[in-house]
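Each chain, written out:
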Amino acid sequence: MASADAVVAHGAALPDAGWLTALLCLPAMGPRRLGALLDGRSPAEAWAAVCSGRPLAEVAAVVGGRVGALTGEWARAARDIDPELVWSATLNAGLEVIAHGDDAYPRCLLDDPEPAPVLFAVGRVDAVAVPSRVAVVGTRRCTRYGRDVATELGGALAAAGVAVVSGLALGIDGAAHAGALAAGGAPPIGVVATGLDVVYPAANRRLWNRVAEAGVLLTEAPLGTGPRAWRFPSRNRIIAGLADVVVVVESHATGGSLYTVEAALERDRPVLAVPGPIHSPASQGTNHLLAEGCPPLCRIDDVLTALGLVGSAPLPPDRRPSPGEPDRRVLEAAGWSPTTLDALARRVDLPPVDLASSVARLVRSGWFDEERGFYQRVR
Amino acid sequence: MLASVHAATLLGVRGHPVRVEVHVDNGLPTFNVVGLPDASCKEARDRVRAALVSSGLAWPSRRITVNLAPTGVPKAGAVLDLPMAVGLLVACGEVEPASIEDIAFLGELGLDGSVRPIPGALPLVDAIEASIVVVAPGNADEARLVTPIVVRPIPDLRTLVLALRGEEPWPEAGTSIVESVAFDEPDLVDVRGQRMARFALEVSAAGAHHILLIGPPGAGKSMLARRLPGLLPDLTGEQALEVSRIRSAAGEALPTGGLFRRPPWRSPHHGASAAALVGGGSAAMRPGEISLAHGGVLFLDELGEFAPKVLDALRQPLEDGTVQISRVAGSADYPARVLLVAAMNPCPCGGSGAPGGCRCPEHVRLKYLRRVSGPLLDRFDLRIEVDRPEPVELLGDRAGERSSAVAERVAAARERARARGVTANVELDATALTAAAPLSPEATRLLEATLHAGRLSARGLHRIRTVALTIADLTGRDGPIGPDLVDTALSLRIDPFRPAGHGIR
């Protein structure tokens, strides 16, 4: 008790954002719990209340019977956290800390039902202020088709001056940002679920750095926060809140991107779903959205129309050599779903050597993408 | 008082000549065996004693010493029971020393005096230093494969003594009483659909290229693999002898009246230890699965489930075609030239492995695949994705080609390889390959582009060229290797490690 009071007295000079940062460092501290803690308290008072270890009525209202264990855990964790040290480390790392109500705080998040009390940012914070933003989200386990659509969407949006908002995950998210970066134009906005010093997934490190350079990386998690399962759906509400339109490119029947859709609908953001083959597990979630009445994205321009912008520039001309025979037949037989050599052999009646060499030619000339023995058409 | 008998012992897959020396002297009645006997050799004392007594022969209550020379070679198994008993009979004066001068004895004794067959008769008889050999009737056929040795099958000790004394003639050499199980090779005609997989199998058999089949459970990977031995040509005379010797040493009965003429098939379970796979393990240094599959097919099902250490132990034998096992007791070389066929699932969940088609997160899938090390993966010239056949194909009555038709093409391709001085194309080195199969200018350009794209290593390049040559042999094409053959070889060598989402640049 006495020590908690001492901390308050000693750290009185710390700004509210500093206390909030310390509070966010506590284990399992989500936006609702933090909101409950801050109910009728200043952030500094909330910290003192946590240090006291008393079960708090406002928290109990959110978490129910587990409040005793949770506040106990917080109090234990708080003993190892020095708010001043955390605050100076955050500033020294070059992070921009934007508290709810600051001028730099994204205006679209001000009236959010669950606004982030603090956002940590690196890069061009003003990127959030571009006139329109579109979230491009989808599964990490995507097909070549999904990746192509995401890349194309990202490029078209960025070229039209629309900022692409995404989660920097493997698969669709990364592809959308890669497309946006390649096109130039509007700065990309990456909203991640880890601390800004923890690159996750590590495979996207290069993309992560490029987004931070060309645009902005935002997170709710303080420095040093590793990937936690609950943080990803929580992060998705920020993506939905930032976007004017949410596009789901590919989603499995139960996918994280469906959380983004839910959050978008809660916030009255229009959602577009990209139709996919009915056999493709990676499109089950999106096709289901369509069945439920979600408008489809049938052409890249659809999203620009939804934003009230005119169509994008035409696609660059196809430089690939047009396939001869029998390559054209093989290409047509492949359809747009991942296909094996055996399946192709069933569909086109060619001797094995002719089929196998035709497939290799199509891969080399860029018509096919080969992934572990599965061939997918490239648009 | 002293006797010396010809015999042999098995070390690994090779026989070594042994002299069994028996000395009977006055003193306290004891029976000692010296000269590196293993446990079953030492137990011979009790068997020999009981066998002699049961056969109505006298047991000398004197000091008996048995020496197994040369003393440096470890002796294993019960094969020395019979020579010890004969030595005792000679040392006690029951049998004349002159009557056993040029005869070797190999056999295990039963307590009733019967002579029992022993494993490894072929390599054992091969090693003896006498012109006549006495074996159990069950070993007679196998022993007869070694010419010009005279084989005398003997059912029991009593008959042997009478024959050695000249009181009765040697028993007639009857036929083998051991039934050998004929291995029925399954036929490719049972495989429905799978056109590319069948083709890859044919290429594998023609060029002796190791093949990796990746596919979901139920795709028919094992079914395909089982049909590979049926595509291979018969073993040559020398190979047949070698294969028979190894399998005889492992205790397998040889086919009735002959050698193993068909390539062997071995499929060890994925729980196998490194010693079980490459050999060794005990002082007797048993041959491992890779040697038992010598000249034939070694099938590793569920490759990802084998311990990584065990798989890596296979790398050197696969490269060299022999295994050298070194133990404290000595070392031995086993032939181990196999055609390796492996099968694995594309991911731990058992899904199809199609991009976007399974529930496994990328890192879980990669972790599963990485149990197979890169260098081992590199040994597979052919790596294909096997798909589940469609119901129409399973139920349709359009049967595939018979194994015999495919085997004919394989034999013709092997014939072309023999003209290059090798049994199969896989044995060609870089110089021989360039001489046998120069690349057409277009094929050279194509390979250069693939190398520049980083999709091929130097070793991979050699393998691709070899596979292209095998395909040319199969399709009966002559002249320089064209781009379509190189392309086909490239298509038959997928990279399962390639992470998804690599398209992001």
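Residues numbered from 1 in each chain as written. Chains lettered and ligands numbered in written order. Predicted model: local features only at pLDDT ≥ 70, side-chain atom pairs only at ≥ 80, totals over all residues. Heavy atoms only, no water.

## Examining the overall build of chain A
Step number 1: Within chain A one finds 17 helices and eleven strands.
Step number 2: Across the 379 residues that make up chain A, the buried fraction comes to 56%.
Step number 3: Considering only residue pairs separated by 6 or more positions, chain A has 71% of its internal contacts joining residues 24 or more positions apart. (Helix = DSSP H or I, 4+ residues; strand = E, 2+ residues; numbered from the N terminus. Buried < 20%, exposed > 50% of the residue type's maximum accessible area, 1.4 Å probe, protein only. Contact = heavy atoms within 4.5 Å.)

## With respect to the confidence of the model for chain A
Step number 1: Within chain A, residue pLDDT values average 88, and 95% of them lie at 70 or more.
Step number 2: Low pLDDT, under 50, characterises residues 1–11 of chain A; the stretch is placed with eleven contacts to residues that sit more than four places away or in other chains. (pLDDT = per-residue confidence, 0-100.)

## What about the pattern of salt bridges?
Two side chains with opposite charge may pair up if their charged atoms get near one another.
Step number 1: Tallied over the entire structure, the rule returns 39 salt bridges over all chains.
Step number 2: A:Arg299 serves as the salt-bridge partner of A:Asp301, at 3.9 Å between the closest nitrogen and oxygen.
Step number 3: Between B:Asp126 and B:Arg245 there is a salt bridge whose closest N-O contact spans 3.1 Å. Of this pair, B:Asp126 sits in helix α4 (residues 121–127) while B:Arg245 sits in helix α9 (residues 237–249), and the two are 119 residues apart along the sequence.
Step number 4: Take B:Arg245: its relative accessible area is 22%, and that puts it in the partly exposed class. (Salt bridge = Lys/Arg side-chain N within 4 Å of Asp/Glu carboxyl O.)

## Points about the environment of B:Thr159
Step number 1: Along the chain, B:Thr159 turns up in helix α6 (residues 157–165).
Step number 2: With 45 residues separating them along the chain, B:Thr159 and B:Ser114 place their C-alpha atoms 9.5 Å apart.

## Re the sheet that holds strand β9 (residues 339–340) of chain A
Either a parallel or an antiparallel arrangement is found when strands of a sheet pair, and the pairing is made through backbone hydrogen bonds.
All names here are of chain A.
Step number 1: Strand order across the open sheet formed by three strands is β9-β11-β10, with antiparallel pairing between neighbours. Bordering the open sheet on either side are β9 and β10 (368–371), each of which pairs with just one other strand.
Step number 2: The strands that helix α17 (residues 352–364) touches are β10 and β11 (374–377); relative to β10, the one it contacts most, it runs at about 105 degrees. (Pairing = 2+ DSSP bridges. Axes fitted to C-alpha atoms, helices over the stretch in contact; angles between N-to-C directions.)

## Considering the interface of chain B and chain A
Step number 1: Of the residues lining the interface, 45 residues belong to chain B; the matching set on chain A comes to 42 residues.
Step number 2: Overall, the association of chain B and chain A removes approximately 3400 Å² of surface from exposure, summing both partners, and the carbon and sulfur fraction of that is 54%.
Step number 3: Seen at the junction of chain B and chain A, the total is three salt bridges.
Step number 4: A:Arg364 is paired through a salt bridge with B:Asp487; the nearest N and O atoms lie 2.7 Å apart.
Step number 5: At the surface where chain B touches chain A, the tally comes to nine residue pairs in polar contact (both at pLDDT 80 or more). (Buried area = accessible area lost by both parts, 1.4 Å probe. Polar contact = N/O pair within 3.5 Å; in protein donor to acceptor, adjacent residues only side chain to side chain.)

## A short note on the sheet that holds strand β4 (residues 163–166) of chain A
Residues and elements named next belong to chain A.
Step number 1: Sheet architecture is open: eight strands sit in the order β1-β2-β6-β5-β4-β3-β7-β8, paired in mixed fashion. The open sheet has two edge strands, β1 (96–99) and β8 (271–273), and neither has a second partner. Averaged over all pairs of adjacent strands, the angle between strand axes in this sheet comes to 25 degrees, irrespective of strand direction.
Step number 2: Where strand β3 (residues 133–137) meets strand β7 (residues 245–248), four bridges bridge the pair, whose relative direction is parallel. Residue pairing for β7: Val136 is matched across the bridge by Val247.

## Considerations on the packing of aromatic side chains
Step number 1: Within the structure shown, the criterion is met by five aromatic pairs over all chains.
Step number 2: Ring geometry for B:Trp265 versus B:Phe299: centroids 5.4 Å apart, planes at 25 degrees, classification stacked. In this pair, B:Trp265 sits in strand β11 (residues 265–266) while B:Phe299 sits in strand β14 (residues 297–300), placing the two residues 34 residues apart along the sequence.
Step number 3: Take B:Phe299: its relative accessible area is 4%, and that puts it in the buried class.
Step number 4: Just above the ring of A:Trp367 sits the side chain of A:Arg320; from NZ or CZ to the centre is 3.8 Å.
Step number 5: It is B:Arg247 that lies over the ring of B:Phe260; its NZ or CZ is 3.9 Å from the centre. (Phe/Tyr/Trp six-rings, centres within 6.5 Å; stacked < 30°, edge-to-face > 60°. Lys NZ or Arg CZ within 6 Å of the ring centre and 35° of its normal.)

## Remarks on the pairing of strand β4 (residues 63–69) of chain B
Residues and elements named next belong to chain B.
Step number 1: Taking burial as the measure, the seven residues of β4 include five buried ones, the bulk of the element.
Step number 2: Both strand β2 (residues 14–25) and β4 contribute to a ladder of seven bridges, which runs antiparallel. By the bridge assignment, His23 is partnered in β4 with Thr65.
Step number 3: Where strand β3 (residues 30–34) and β4 come together, five bridges link them in parallel fashion. In the strand pairing of β4, Phe31 is matched with Ile64.

## Section: the side chain of B:Arg493
All names here are of chain B.
Step number 1: Within the fold, Arg493 resides in the segment after α21 (483–491).
Step number 2: What makes Arg493 buried here is its relative accessible area of 10%.
Step number 3: At a separation of 3.4 Å, a polar atom in the side chain of Arg493 contacts the side chain of Asp378.
Step number 4: When near neighbours in sequence (up to four residues on either side) are disregarded, Arg493 contacts Asp378, Phe380, Asp381, Arg383, Gly460, Arg463 and Ile464.

## Describing the environment of A:Ala159
All names here are of chain A.
Step number 1: Mapped onto the elements of the fold, Ala159 is located in helix α8 (residues 144–159).
Step number 2: Placed 25 residues apart in sequence, Ala159 and Gly184 show a C-alpha to C-alpha distance of 6.4 Å.
Step number 3: Apart from the residues lying within four places of it in its own chain, the contact partners of Ala159 are Ala183 and Gly184.

## Observations regarding the packing of helix α2 (residues 16–24) of chain A against helix α4 (residues 43–52) of chain A
Residue and element names in this part refer to chain A.
Step number 1: For the pair α2 and α4, the least separation of the axes is 8 Å and the interaxial angle reads 30 degrees. Once α2 is placed against α4, the crossing between them reads as left-handed. Contacts between α2 and α4 involve Asp16, Trp19, Leu20, Ala22 and Leu23 from the former and Pro43, Ala44, Ala46, Trp47 and Val50 from the latter.
Step number 2: Here the contact of α2 with α4 is built from residues that sort into nine nonpolar, no polar and one charged. (Left-handed = near helix turned anticlockwise from the far one by under 90°. Nonpolar A, V, L, I, M, F, W, Y, C, P; charged D, E, K, R; others polar.)

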